[in-house]
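Survey of secondary and tertiary structure
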Amino acid sequence: MSVPQISEGSLLTAAAKAPRIDIKTIAPEGTVLIVNPHPDDETFGCGLAMAAAALEGRTIAIALLTDGEGSHPSTKTFAPNELAELRYSEFARALEILVPSRRVDVLRLHLPDGKSRYEASLAEEVLPFARSHGASVIWSTWRDDPHCDHETAAALGRDLANDLAIPHWSFAVWGRFGERYVPSCLCTFDAPVLAPRKREAIAVYRSQIDPHMIDDSNGFTMPPALVDHFAEHPEIFVHG
Ligand SMILES: [Zn+2]
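So, a few notes on the structure that sits alongside this text. (Residues numbered from 1 in each chain as written. Predicted model: local features only at pLDDT ≥ 70, side-chain atom pairs only at ≥ 80, totals over all residues. Heavy atoms only, no water.)

Section: the sheet that holds strand β4 (residues 135–141)
What counts here: Criterion used throughout: strands pair if DSSP finds at least two bridges between them. Numbering of helices and strands runs from the N terminus; a helix is a DSSP stretch of H or I covering at least four residues, while a strand is a stretch of E covering at least two. Fitting a line to C-alpha atoms yields each axis, with helices limited to the stretch in contact; the angle taken between N-to-C directions then spans 0 to 180 degrees. Two residues form a contact once any of their heavy atoms are found within 4.5 Å.
Sheet architecture is open: seven strands sit in the order β3-β2-β1-β4-β5-β7-β6, paired in mixed fashion. Since the sheet does not close on itself, it has two edges, and those belong to β3 (105–111) and β6 (186–189), each with one partner. Sheet twist, expressed as the average angle between the axes of neighbouring strands with direction ignored, equals 25 degrees. In this sheet, strand β5 (residues 168–171) lies alongside β4 in parallel orientation, the contact comprising four bridges. The residue bridging Ile138 from the neighbouring strand is His168, located in β5. Against the sheet, helix α4 (residues 80–98) touches β1 (31–36), β2 (59–66) and β3, its axis set at about 155 degrees to β3.

Have a look at this one:
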C-alpha cells in the first residue's frame, strides 16, 4: 500500500454531508469488541468513539490481529520481536489515555503483519473471547481499507457479528483516502471534548509518526498532514 500524502477522497467528501451518529447507537450496552489489524488503527480510526463509549460505561475489548512488526522491515536497531514489543507498549499506553477508567482486555493473535488472510478458523479462535466478554457490538476496520490486514479484520468482524447476532460497525482508516465506492450507510462520529485525548494517544505512537525514531529508510511514517487529519476529523463509520 502506498501511503497517501493528503487527506482527500470520495469517502471524505461524502462524510462531510453524512449524518452524525450517537455513541449509544454504535455502542449498545455491554462490551464493544474491536477487531484491530495493527497497534494504532484503534487510535487513528476510532479513538474518539472508544473514549466516548468508555465514558458511557461500556467495556472495551480488543482482538489485535498483528503485532505491527512489519512497519520497519529493514531496521538494524530492532529485531522483529523487539519492534513488536515496542509497538505493543505504545498501544498499551494509548489505551490508558483513551480509556483511563478501566482495563481493556486484549487478545493477541500474532498474525503475520502485512500477510494475513481471513480464514473461518480465525473466528473460531476469537469467539470464546467475544462471548466471555459479553460482546454487544463489533467494530472493525472497513472492508474497503486498501490493506490486506484491514480486510482480514473486516471479514473477521463480519463473521463474529453474524455468529453472535450482534451489530457490526466498520471504521475507515486508509479507505478514507482516494477514490472508491461510497456506501450509503456512512455516518460520522465526533466528540470535540475528547479530541485532546485522541491527539495525546496518537502522539504516543512515535514509531509510526516520527521518522527519526527507527533507522529504516523503508519504514512507515504517517505523514504529518495525515496525523493532523486523524486528530481533527470526525471518525467515519459504516454499518456492516
Ligand atoms: Zn493498520
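Things to note about the pairing of β3
With five bridges connecting them, β2 and β3 associate as parallel partners. The partner of Ala63 across the bridge, within β3, is Leu107.

What about helix α5 (residues 120–132)?
We count it as follows: By definition here, a helix of n residues has an expected span of 1.5 Å times n minus one. Note on bend: at a given residue it equals the angle between the axes fitted to the 7 residues ending there and to the 7 starting there. Three labels apply to residues, based on accessible area from a 1.4 Å probe with only protein chains included: buried if under 20% of the type maximum, exposed if over 50%, partly exposed otherwise in between.
Relative to the 18 Å expected for 13 residues at 1.5 Å per residue, α5 spans 19 Å between its end C-alpha atoms, a close match to the ideal helical length. The axis of α5 is deflected most strongly, by about 35 degrees, at Val126, and proline Pro128 appears within four residues downstream. All of the buried residues in α5 are Leu122, Ala123, Val126, Leu127, Phe129 and Ala130. Here the buried face of α5 lies against β1, β2, β3, β4 and α6 (148–164). Backbone geometry just after α5 places Gly134 at a positive phi near 60 degrees.

Remarks on the pattern of salt bridges
For clarity, the threshold we go by: The term salt bridge refers to a side-chain nitrogen of Lys or Arg lying within 4 Å of a carboxyl oxygen of Asp or Glu.
What the rule picks out here adds up to eleven salt bridges. In this structure, Glu85 engages Arg108 in a salt bridge whose closest nitrogen and oxygen atoms are separated by 3.4 Å. Of this pair, Glu85 sits in helix α4 while Arg108 sits in strand β3; the two residues are 23 residues apart in sequence, bridging distant segments of the chain. For Arg108, a relative accessible area of 22% translates into the label partly exposed.

Describing the packing of aromatic side chains
Counted only if it meets this: Centre distance within 6.5 Å is the pairing criterion for rings of Phe, Tyr and Trp, where only the six-membered ring of Trp is used; planes under 30 degrees apart are then read as stacked, over 60 as edge-to-face, and the remainder as tilted. Only Lys NZ and Arg CZ are tested; either one counts as a charge over a ring when it is within 6 Å of the ring centre and within 35 degrees of the ring normal.
Taken as a whole and assessed by the stated rule, the structure comprises nine aromatic pairs. For the pair Trp174 and Phe177, a centre-to-centre distance of 6.3 Å together with 55 degrees between the ring planes defines the contact as tilted. Each member of the aromatic cluster is reached from another via a ring pair, and the members are Phe44, Trp174, Phe177, Tyr205, Phe220 and Phe230. Over the ring of Tyr88 we find Arg108, and its NZ or CZ is 3.8 Å from the ring centre.

What to know about the packing of α4 against helix α7 (residues 195–204)
The description of two packed helices rests on the angle between their axes and on the distance between the axes. Basically, it comes down to this: In what follows, roughly perpendicular refers to angles from 65 to 115 degrees, roughly parallel to angles under 35, roughly antiparallel to angles over 145, and oblique to any angle outside these ranges. Residues are grouped as follows: Ala, Val, Leu, Ile, Met, Phe, Trp, Tyr, Cys and Pro are nonpolar; Asp, Glu, Lys and Arg are charged; all remaining types, including Gly, are polar.
Two elements in contact, α4 and α7, have axes separated by 8 Å at closest approach and are oriented at 170 degrees. Of the possible angle classes, the one that applies to α4 and α7 is roughly antiparallel. Contact residues: α4 offers Glu90, Arg93, Ala94, Ile97 and Leu98, while α7 offers Arg197, Lys198, Glu200, Ala201 and Val204. Partitioning the contact of α4 with α7 into residue classes produces five nonpolar, no polar and five charged.

Comments concerning the coordination of the zinc ion
The test is simple: Because water is not among the atoms used, a metal site may look incomplete, as its donors are only the N, O and S atoms within 2.8 Å, or 3.2 Å for Na, K and Ca. Metal sites are grouped by the angles between bound donors: all angles between 85 and 135 degrees with four donors is tetrahedral, opposite donors over 155 degrees apart with the others between 65 and 115 is square planar for four donors and octahedral for six, and any other pattern is irregular.
Coordination sphere of the zinc ion, protein contribution only: His38 (ND1), Asp41 (OD), Asp41 (OD) and His150 (NE2), at 2.1 to 2.5 Å. Here the zinc ion binds four donor atoms, and the angle range of 55 to 144 degrees at the metal identifies the geometry as irregular. The sequence pattern describing where the donors of the zinc ion fall on their chain is H-x2-D-x108-H. The buried category is assigned to His38, whose relative accessible area is 6%.

Points about the nonpolar core
The test is simple: Nonpolar core, defined: a set of buried Ala, Val, Leu, Ile, Met, Phe, Trp, Tyr and Cys residues in which side-chain atoms within 4.5 Å join the residues together.
Ile23, Ile26, Ile34, Ile60, Trp139, Phe189 and Phe237 are the most contacted members of the largest nonpolar core, which has 57 residues in total. Top contributing element to this core by residue count: helix α3 (residues 41–55), with nine residues. Excluding residues within four positions of it along the chain, Ile60 makes contact with Val32, Ile34, Met50, Ala53, Ala54, Val99, Arg103, Val104 and Asp105. One finds Ala130, Leu156, Leu160 and Ala161 within the second-largest nonpolar core, a separate group that totals 20 residues.

Here's the deal with the side chain of Ser140
Note the following rule: Within 3.5 Å is the distance limit for a polar contact, defined as a pair of N or O atoms, with the added protein rule that one can donate a hydrogen and the other accept it, and that residues adjacent in sequence qualify only through two side-chain atoms.
Tracing the sequence through the fold places Ser140 in strand β4. A polar side-chain atom of Ser140 sits 2.8 Å from a polar atom in the side chain of His168. Setting aside chain neighbours within four positions, we find Ser140 in contact with Val35, Ala153, Ala154, Gly157, His168, Trp169, Ser170 and Phe171.

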